Amino acid sequence: MARFGVASKALRGPFKKLIAKLELTLRKPAIKKLGRVGRRVDGHFRSKDEATALRAAQDEAARLRAAGMKPPTAVSAAVDRNTGQVVAVGRSKHSTPVPADLLAKLPDPPIETRWAVTNCGEVDVASQAAELGARALLVLSSGFADHGDEGREQEARLLEIVRSAGLRMVGPNSLGVLNTDDEVRLNATFARAQVPAGGLAICSQSGAIGVALLGHAAARGLGVSTFVSLGNRADVSTNDLLEFWEEDERTVAVLLYVETFGNPDHFIRIARRVSRRKPILAVKGRHGEGPSAPAESHTAAALGGDAVIDTLLRHAGILRFRGGEELFNCARFFESQPLPRGRRVGIVTNSTGVATLALDACATRGLVVDDRPVVLGIHADPAGYASAVGELLATASVDAVMAYFVDLVGGDPDAVLAAVSQAARGQRIPVVASVVDADGHLPPGAPDQVPNYLFPDGCAGVLARAVERRTWLSRPLGLLPRYAGLDPEAARTLVAARLDGEGEGWLSIAEAEALLASHGVPFVPSRRCPAVDDAVRASGELDGPVVLKADFAAPAHAGDVDAVLLGIEGEAAIRAGWQEIERRVLAAGRAWSGLIVQPLAAPGADVLVGSVTDADLGPVMAVGLGGRSAGLASDVAFRPVPVTDVDARELIDASPSVAASLRGFRGSPALDSEALHELILRFAALLHAVPEIVEADLNPVRAMTRGCTVLDLRLRVARRRPAERVKTW
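Residues numbered from 1 in each chain as written. Predicted model: local features only at pLDDT ≥ 70, side-chain atom pairs only at ≥ 80, totals over all residues. Heavy atoms only, no water.

Participant: Mind laying out the overall build of the protein chain, listing which residues take part and the relevant values?
Facilitator: For the protein chain, the helix and strand inventory stands at 22 helices and 28 strands. Relative to its 729 residues, the protein chain shows a buried fraction of 53%. Put simply, 70% of the contacts in the protein chain that link residues at least 6 apart link residues at least 24 apart. Summed over its atoms, the accessible surface of the protein chain is roughly 31,000 Å², and 52% of this surface lies on carbon and sulfur atoms. (Helix = DSSP H or I, 4+ residues; strand = E, 2+ residues; numbered from the N terminus. Buried < 20%, exposed > 50% of the residue type's maximum accessible area, 1.4 Å probe, protein only. Contact = heavy atoms within 4.5 Å. Areas by Shrake-Rupley, 256 points an atom, 1.4 Å probe, with all protein chains shown as cover.)

Okay, here's the thing in structure tokens:
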């Protein structure tokens with residue numbers, strides 16, 4: 001538990017620039033805790049001045065005891081490893097303030113102090129850090145927003161001090177930061193693992209899991225560039241770190257543990273940009289919770305489960321993992337290997353049985369083995385492996401190579417792995433290996449050797465994820481639509497008037513249709529008829545057969561109780577239809593309030609197009625089967641609200657039933673997929689313009705051979721809630 005400051009060069013610019021400067025230009029600090037037993041955060045004392053500082057703290061503690069005062073239990077400081085100078089002494093949580101004269105007994109602090117670390121629960125430590133010249137604050141303490149209303153108020157005061165002083169803060173409730181840069185060598189964590197320098201950046205929203213990830217990286221010899229335990233994320237967020245690592249030349253891959261996204265829109269947008277430069281590997285906690293409010297619409301009812309989170313992360317280019325073994329296997333791969341150009345794999349092995357396992361592992365993961373595996377035999381030596389791997393790499397028929405070796409007759413696994421690695425060095429085709437000792441262990445290997453895994457499926461697994469990343473990178477960016485008839489100001493005015501009048505809730509049919517009209521979303525107009533004569537009159541004004549359906553208040557649908565009749569024409573039929581629908585509604589225990597009359601639409605496929613704003617996932621859009629089949633979770637596809645034409649097509653293609661209906665099947669004609677794309681993008685533009693639309697069902701949307709149109713709709717609006725935490729990007 002320590003408070004620290006270190007010397008650095010001047011820092012300027014916004015947070016992204018500030019952190020980049022901070023992490024790359026700090027001198028080499030050691031963080032020490034000076035107190036009752038001289039416990040330390042990082043190693044042993046390294047200089048005479050450090051020992052002097054400890055003695056000064058101990059002498060002051062003895063003086064306070066002699067005077068009948070309780071001495072501080074967490075007097076702490078940071079020491080510049082180059083000069084031995086000690087800086088930044090503050091107040092401990094459960095003790096008297098540290099007397100000012102103690103500072104005078106410490107060596108002179110550096111002129112510029114840029115970091116301060118505290119385990120003190122009192123918020124004025126931020127002011128003390130600022131007075132000492134700190135520009136960044138790491139707060140290890142708990143007891144803030146994680147401890148009820150009082151803690152949240154204390155965290156707000158701390159953040160106010162941090163902002164007013166121009167600081168940036170990691171925490172509270174953090175377990176530290178680490179940087180392996182030779183110009184920094186900063187370890188302000190409680191992790192005992194000693195990780196080598198490398199290209200993997202690690203960020204965790206859970207301190208314990210973050211320290212565990214750091215330990216696993218060390219155990220596997222993975223090189224780490226930086227590590228940050230975010231804690232409560234009161235200031236510095238996952239998004240901030242992603243933007244930093246995007247520009248950090250030392251970082252080649254990012255590993256995240258996330259539980260919530262904070263601001264999902266911003267997270268996905270930033271992650272999509274960063275993912276185009278560097279792979280992001282993520283473990284997502286708290287999955288499958290679904291919407292925070294009870295589901296009232298078909299769209300909200302279908303939302304939930306890991307599949308939704310999978311699609312959102314995949315949309316952002318993030319590779320999601322559920323197991324630690326595969327996670328670190330892939331981290332090792334992405335840290336050292338190029339991406340494959342495609343799915344074709346070449347196999348070299350000394351065992352026919354292992355070749356069979358490798359073929360099975362490739363087949364189940366979508367990898368293609370065009371040629372037979374190269375089986376060298378049980379007496380294969382390193383030279384044979386080097387030659388076979390080199391020949392495969394020289395051909396144009398493979399996009400990746402897997403090399404397998406089982407020590408069957410007293411071979412030399414270390415030499416085989418070295419030979420495979422030498423053959424792969426400098427190639428643009430990735431090579432992975434499973435080279436195993438006779439006792440079933442992996443040889444130690446060297447950091448610059450190819451990734452080596454215990455089982456054949458480990459090789460196939462990392463190559464499949466690498467192909468997944470290559471496919472995502474090859475995805476066209478798409479074009480922003482430019483449609484006429486979009487009037488976001490009119491839509492915002494309509495919603496503002498509703499919120500100021502009746503308030504939050506489900507819109508009437510007239511209000512919902514007016515919103516769709518503001519963005520040119522086609523719909524079949526509805527006429528409310530509280531009396532049978534109104535229905536007769538309305539049907540007479542329409543040319544041709546009509547649809548009669550019960551007039552239910554949103555979000556209920558008439559189709560839920562089969563209170564819909566199609567193709568009704570003529571006064572007698574209208575009156576009979578009225579009586580029949582009224583009978584069905586009353587039999588279902590629903591209140592009767594009349595009919596909705598609409599013109600009959602052309603035949604086609606019924607599609608659900610919906611949206612819902614989830615507390616964790618943010619606004620998402622759904623496409624699936626419509627009508628009475630709407631909301632079947634196995635068919636409904638979710639994505640972030642589309643922005644480009646490619647986004648809209650991917651959303652449609654993600655629902656197999658909808659995609660098949662548009663193509664035409666079992667003799668049915670192909671439907672107008674372009675019209676559905678445009679309807680989705682126009683509706684998406686409305687959602688972007690009016691985020692107060694928090695839940696919507698366009699169900700059904702009738703896709704026809706020419707055009708598409710909304711037959712029924714439900715929209716709910718709510719005031720925008722303030723962010724739970726301060727936005728820091």
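Participant: Tell me about the pairing of strand β26 (residues 693-703), residues and numbers included.
Facilitator: Of all 11 residues in β26, 11 are buried, a share of seventy percent or more. Sheet analysis places β26 next to strand β28 (residues 713-717), joined by 5 bridges and oriented antiparallel. Bridging from a neighbouring strand, Asp 697 pairs with Arg 714 of β28. Sheet analysis places β26 next to strand β27 (residues 708-710), joined by 3 bridges and oriented antiparallel. Residue pairing across strands places Ala 703 opposite Cys 708, the latter belonging to β27. Counting the residues between successive antiparallel strands, the hairpin from β26 to β27 contains 4 residues, one of them, Gly 707, with a positive phi of roughly 85 degrees. (Pairing = 2+ DSSP bridges.)

Participant: Give a description of a nonpolar patch on the surface that names residues and reports values.
Facilitator: A grouping of Ile 378, Leu 408 and Val 409 is seen on the molecular surface, where their side chains present a nonpolar patch of about 240 Å² in accessible area. Among the secondary structure elements, Ile 378 is positioned in the loop between β15 (374-375) and α13 (382-394). The partly exposed category is assigned to Ile 378, whose relative accessible area is 39%. (Patch = residues over 30% accessible without salt bridge, like charges linked within 9 Å, V, L, I, M, F, W, Y side chains within 5 Å. Salt bridge = Lys/Arg side-chain N within 4 Å of Asp/Glu carboxyl O.)

Participant: Give me the environment of Leu 679: which residues, what numbers.
Facilitator: Within the secondary structure, Leu 679 sits in helix α22 (residues 673-689). Judged by relative accessible area, Leu 679 falls into the buried class, the value being 1%. When the C-alpha positions of Leu 679 and Val 521 are compared, they lie 5.8 Å apart, and in sequence the two are 158 residues distant. Once you skip the residues sitting within four places of it in the chain, Leu 679 turns out to touch Val 521, Pro 522, Val 609, Leu 698, Val 701, Cys 708 and Val 710.

Participant: Can you tell me about the confidence of the model for the protein chain, naming the residues and giving the values?
Facilitator: Parts of the prediction with low pLDDT should not have their coordinates interpreted in detail. With 80% of its residues at a pLDDT of 70 or more, the protein chain has an overall mean of 82. Below a pLDDT of 50 lies the segment residues 1-54, which in the model reaches 182 contacts outside its immediate sequence neighbourhood of four places, other chains included. (pLDDT = per-residue confidence, 0-100.)

Participant: Can you explain the pairing of strand β8 (residues 186-189)? Please cite residues and give values.
Facilitator: Alternating positions in β8 separate into two faces, Leu 186 and Ala 188 on one and Asn 187 and Thr 189 on the other, with burial throughout. What sits between the antiparallel neighbours strand β7 (residues 176-179) and β8 is a turn of 6 residues, in which Arg 185 has the positive phi angle 45 degrees.

Participant: Explain unusual backbone geometry residue by residue, including any values.
Facilitator: Of note, the amide linkage connecting Ala 554 to Pro 555 takes the cis form, showing an omega dihedral of 15 degrees. Tracing the backbone through its elements, the reader meets Pro 555 in the loop between β20 (546-550) and β21 (564-568). Here the residue pair Asn 699 and Pro 700 is connected by a cis peptide bond, since its omega of 0 degrees sits within 30 degrees of zero. Counting through the fold element by element, Pro 700 comes out in strand β26. Phi is positive for Arg 233, close to 55 degrees, though the residue is something other than glycine. As for its position among the elements, Arg 233 is in the loop between β10 (224-229) and α7 (238-247). Judged by relative accessible area, which is 12%, Arg 233 ranks as buried. Even without a glycine there, the phi angle at Asp 562 is positive, about 60 degrees. Given the relative accessible area of 37%, Asp 562 is considered partly exposed.

Participant: Break down the sheet that holds strand β11 (residues 253-258) for me, citing the residues and quoting the values.
Facilitator: Judged by pairing direction, the sheet is mixed, and its 7 strands sit side by side in the order β8-β7-β10-β9-β11-β12-β13 without closing on themselves. At either margin of the open sheet sits one strand with a lone partner, and together these are β8 and β13 (318-320). With strand direction ignored, the average angle separating the axes of adjacent strands in the sheet is 20 degrees. Pairing of β7 with β10 involves 3 bridges; the strand directions are antiparallel. Along β10, the bridge assignment pairs Val 177 with Val 228. Along the sheet face, helix α6 (residues 207-219) touches β7, β9 (197-204), β10 and β11 and points at about 165 degrees away from the line of β10. Relative to the sheet, α7 contacts β9, β10, β11 and β12 (280-284), its axis offset from that of β11 by approximately 175 degrees. (Axes fitted to C-alpha atoms, helices over the stretch in contact; angles between N-to-C directions.)

Participant: Give a detailed account of the sheet that holds strand β14 (residues 345-349), specifying residues and quantitative values.
Facilitator: Whether parallel or antiparallel, the strands of a sheet pair through hydrogen bonds between backbone atoms. Spatially, β15-β14-β16-β17 is the arrangement adopted by the 4 strands of the open sheet, whose pairing is parallel. Looking at strand neighbours, the two that pair on one side only are β15 and β17 (431-436), the edges of this open sheet. Where β14 meets strand β16 (residues 400-406), 4 bridges bridge the pair, whose relative direction is parallel. For Ile 347, the partnering residue across the bridge sits in β16 and is Met 402. Packed on one face of the sheet, α13 meets β14, β15, β16 and β17 and runs near 170 degrees to β14.

Participant: Give me the lowdown on the packing of helix α11 (residues 324-336) against helix α15 (residues 456-474), citing residues and values where you can.
Facilitator: Axis separation between α11 and α15 bottoms out at 9 Å; the angle between their running directions is 65 degrees. For the pair α11 and α15, the sense of crossing is right-handed. Every residue of α15 that contacts α11 at Glu 326, Asn 329, Cys 330, Phe 333 and Phe 334 is listed here: Gly 458, Gly 461, Val 462, Leu 463, Arg 465, Ala 466 and Arg 469. Grouping the constituent residues of the contact of α11 with α15 by class yields 6 nonpolar, 3 polar and 3 charged. (Left-handed = near helix turned anticlockwise from the far one by under 90°. Nonpolar A, V, L, I, M, F, W, Y, C, P; charged D, E, K, R; others polar.)

Participant: Kindly report on helix α12 (residues 352-364), identifying the contributing residues and their values.
Facilitator: Its 13 residues place the ends of α12 19 Å apart at the C-alpha level, agreeing with the 18 Å of an ideal helix rising 1.5 Å per residue. Restricting attention to buried positions, one finds in α12 the residues Val 354, Ala 355, Ala 358, Ala 361 and Cys 362. Angular distribution of buried residues about the axis of α12 spans 125 degrees; they occupy a single face of the element. Away from its buried face by more than 90 degrees, α12 exposes Thr 352, Leu 357, Ala 363 and Thr 364. (Expected span 1.5 Å × (residues − 1). Arc of directions from axis to C-beta.)

Participant: Outline the packing of aromatic side chains, listing residues and values.
Facilitator: In total, this model carries 5 aromatic pairs according to the counting rule given. Residues Phe 333 and Phe 334 carry aromatic rings whose centres are separated by 5.4 Å and whose planes lie at 85 degrees to one another, so their mutual orientation is edge-to-face. (Phe/Tyr/Trp six-rings, centres within 6.5 Å; stacked < 30°, edge-to-face > 60°.)

Participant: How would you summarise the pattern of salt bridges if you had to cite specific residues and measurements?
Facilitator: Tallied over the full model, the rule gives 38 salt bridges. Of the charged contacts, one joins Asp 647 and Arg 272 as a salt bridge, the two residues approaching to 3.9 Å between their closest N and O atoms. Here Asp 647 is found in helix α20 (residues 645-653), whereas its partner Arg 272 is found in helix α8 (residues 264-275), with 375 residues between them in sequence. Judged by relative accessible area, which is 4%, Asp 647 ranks as buried.

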